[in-house]
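One letter stands for each residue in the lines below.
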Amino acid sequence: MIKRALSLTIDFLASYGFACIIFILLMVLTFLGTIEQVDQGLFEVQKRYFESMFVVHKLFGVIPILLPGVYLLLILFSINLVLGGIIRMRKNKYTLGNLIIHAGMLLLIFGGLIKNEFSIDGHLTLAENERSSEFQSYYLWEIALSPVDEKGQSTTEYLVPDDQFVSAREGNPVSFVRDDVPFDLTVTRFIPNCEPSMVGPMIADSVHAVDGFFLNEMPKDKEAERNTAGVYVQIRDKASGSIKEAILYGRSQTPLPIDAGGKTWTIDLRNRRYTFPFTIALNKFIQEKHPRMEMAKMFSSEVTKIEGGVEQPVTITMNEPLRHKGYTFFQASFIEADPRRGTPVMSTLAVVRDPADRIPLYSCIVISVGLMIHFTMKLGRYLRREQKRLEPSRAT
């Protein structure tokens, strides 16, 4: 009985009908995700519909329907390809092209899995003559704990990524304790989008205020990079046992200073930062505007890539990124100069580190080779049949 059930399950997973069901569900999810993107934004829709195992979609905004996520469907499609498109397919010269095509499709799905699990993205913003070896995320956050020396420079950083404190709510705090840090940090509440506001007399009793300020929670913006997180924290000095309450805001220009363990420390909520193994220096930002308009027609960055003491000049434009060691730098946008504030023009480069960056290209090459072999074989068989069909008429 078990053997029979297993055989039927494998037959179903390998069947053409199962592949059709998967394709129909993928089309449905693509349609629903596209519609939802109008209200929720690309980032939230991508997480809910395309990077999840299951998704609850509310039909007409009311009726909840449980659907498989695209992530799960691609796993099932991979199983279908392996069982039905490779293992069970007849192996001969006439099916060689099909086997190669299916292998290329599997490679493409595998590349998508690697990208989903291991890729990171963010941005690098530089003024002319500035350089950096790190970029920051658009959406993710971290809390940085740093002791500073007499000159006010950070000597070490202890990082707490947001996936460890985004669940913090009133009544459900999250604490972080390290033996080499002279205080314990407790996040009592995380707010994904907010702004600090002064406490007025009309709302003093209805908000959680710290030193006359509170975090005013706002609805999430559908453009996820516009959201600014904030947290309420409690800092407990290990030596004295005293507890200090504070607010950390993601767009604050200065970190929170505290004295603990005979040193001055800073605590900062900021976009998560990543380093790359070389340095990018912005030499010149070039902008060309449409005639008689303030709209940019073209903009690019002349940069220098510095690695191991070797400098290489590179021009990054909107359609010509810089690729090096798994990192890709795209010309994304820029910030206009503000003479009143004395801020210069700044160039923003989108940065992506994707270990599977070239896999889509390789998979397309594999699929193209398979298609060429398959259709060449089909053409050869057709021509041979036509030749045999015409031979009797020629003899008469």
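Since the structure is predicted, the reported quantities are computational estimates derived from the model, not experimental observations.

### Quick notes on the environment of Ile367
Move 1: Secondary-structure assignment places Ile367 in helix α6 (residues 359-395).
Move 2: A C-alpha to C-alpha distance of 8.7 Å links Ile367 and Gly97, two positions 270 residues apart in sequence.
Move 3: Contacts of Ile367, omitting those with residues within four sequence positions, involve Ile101, Gly104 and Met105.

### Focus on the pattern of salt bridges
Move 1: By the definition in use, this model includes 18 salt bridges.
Move 2: Between Lys115 and Asp354 there is a salt bridge; the shortest N-O distance is 3.9 Å. Note that Lys115 is positioned in helix α5 (residues 96-118) and Asp354 in the loop between β18 (346-353) and α6, a separation of 239 residues in sequence.
Move 3: By relative accessible area, Lys115 is classed as partly exposed at 40%.
Move 4: Note that Glu386 is salt-bridged to Arg389, the shortest N-O span being 2.7 Å. Remark: Arg389 and Glu386 occur in helix α6; sequence separation between them is three residues, near one turn of the helix.

### Observations regarding the nonpolar core
Move 1: Ranked by size, the top nonpolar core spans 26 residues in total, and within it Ile143, Phe165, Phe183, Ile235 and Ile267 carry the most contacts.
Move 2: Secondary-structure elements contributing two or more residues to this core are β4 (131-148), β5 (158-161), β6 (174-176), β7 (183-191), β10 (230-237), β11 (243-249), β12 (256-260) and β13 (263-289).
Move 3: Of the residues forming this core, the biggest block, four residues, is contributed by β7.
Move 4: Aside from chain neighbours lying at most four places away, what touches Phe183 is Leu145, Ile235, Arg236, Asp237, Lys238, Ile258, Ala260, Trp265 and Ile267.
Move 5: Of all hydrophobic cores here, the second largest spans 17 residues; its members include Leu126, Leu282, Val314 and Leu322.

### Considerations on the packing of aromatic side chains
Move 1: This model, assessed by the stated rule, comprises 18 aromatic pairs.
Move 2: A ring pair is formed by Tyr138 and Tyr139, whose centres lie 5.9 Å apart and whose planes are at 45°; its orientation type is tilted.
Move 3: Owing to a relative accessible area of 22%, Tyr138 belongs among the partly exposed residues under this scheme.
Move 4: Here Tyr139 falls in the partly exposed class, since its relative accessible area comes to 25%.
Move 5: Through a chain of ring-to-ring contacts, the aromatic side chains of Phe135, Tyr274, Phe276, Phe278, Tyr327 and Phe329 assemble into a single cluster.
Move 6: Positioned over the ring face of Tyr94 is Arg381, at 4.4 Å from the centre of the ring.

### Some remarks on the sheet that holds β6
Move 1: With respect to topology, four strands assemble into an open sheet ordered β6-β7-β10-β11, the strand pairing being antiparallel. The sheet is open, and its two edges are formed by β6 and β11, each paired on a single side. Averaged over all adjacent pairs, the angle separating strand axes in this sheet is 25°, with direction ignored.
Move 2: For β10 and β11, the ladder comprises seven bridges, and the chain directions are antiparallel.

### Digging into the side chain of Asn80
Move 1: When you line up the elements, Asn80 lands in helix α4 (residues 70-87).
Move 2: Since its relative accessible area comes to 6%, Asn80 is described here as buried.
Move 3: Within the structure, the side chain of Asn80 is placed 2.7 Å from the backbone oxygen of Leu13, a separation counted as a polar contact.
Move 4: With sequence-adjacent residues up to four places away left out, Asn80 is seen in contact with Leu13, Ala14, Ser15, Phe18, Ala19 and Gly85.

What counts and what doesn't
- Residues numbered from 1 in each chain as written.
- Predicted model: local features only at pLDDT ≥ 70, side-chain atom pairs only at ≥ 80, totals over all residues.
- Heavy atoms only, no water.
- Helix = DSSP H or I, 4+ residues; strand = E, 2+ residues; numbered from the N terminus.
- Contact = heavy atoms within 4.5 Å.
- Salt bridge = Lys/Arg side-chain N within 4 Å of Asp/Glu carboxyl O.
- Buried < 20%, exposed > 50% of the residue type's maximum accessible area, 1.4 Å probe, protein only.
- Core = buried A, V, L, I, M, F, W, Y, C linked by side-chain atoms within 4.5 Å.
- Phe/Tyr/Trp six-rings, centres within 6.5 Å; stacked < 30°, edge-to-face > 60°.
- Lys NZ or Arg CZ within 6 Å of the ring centre and 35° of its normal.
- Pairing = 2+ DSSP bridges.
- Axes fitted to C-alpha atoms, helices over the stretch in contact; angles between N-to-C directions.
- Polar contact = N/O pair within 3.5 Å; in protein donor to acceptor, adjacent residues only side chain to side chain.

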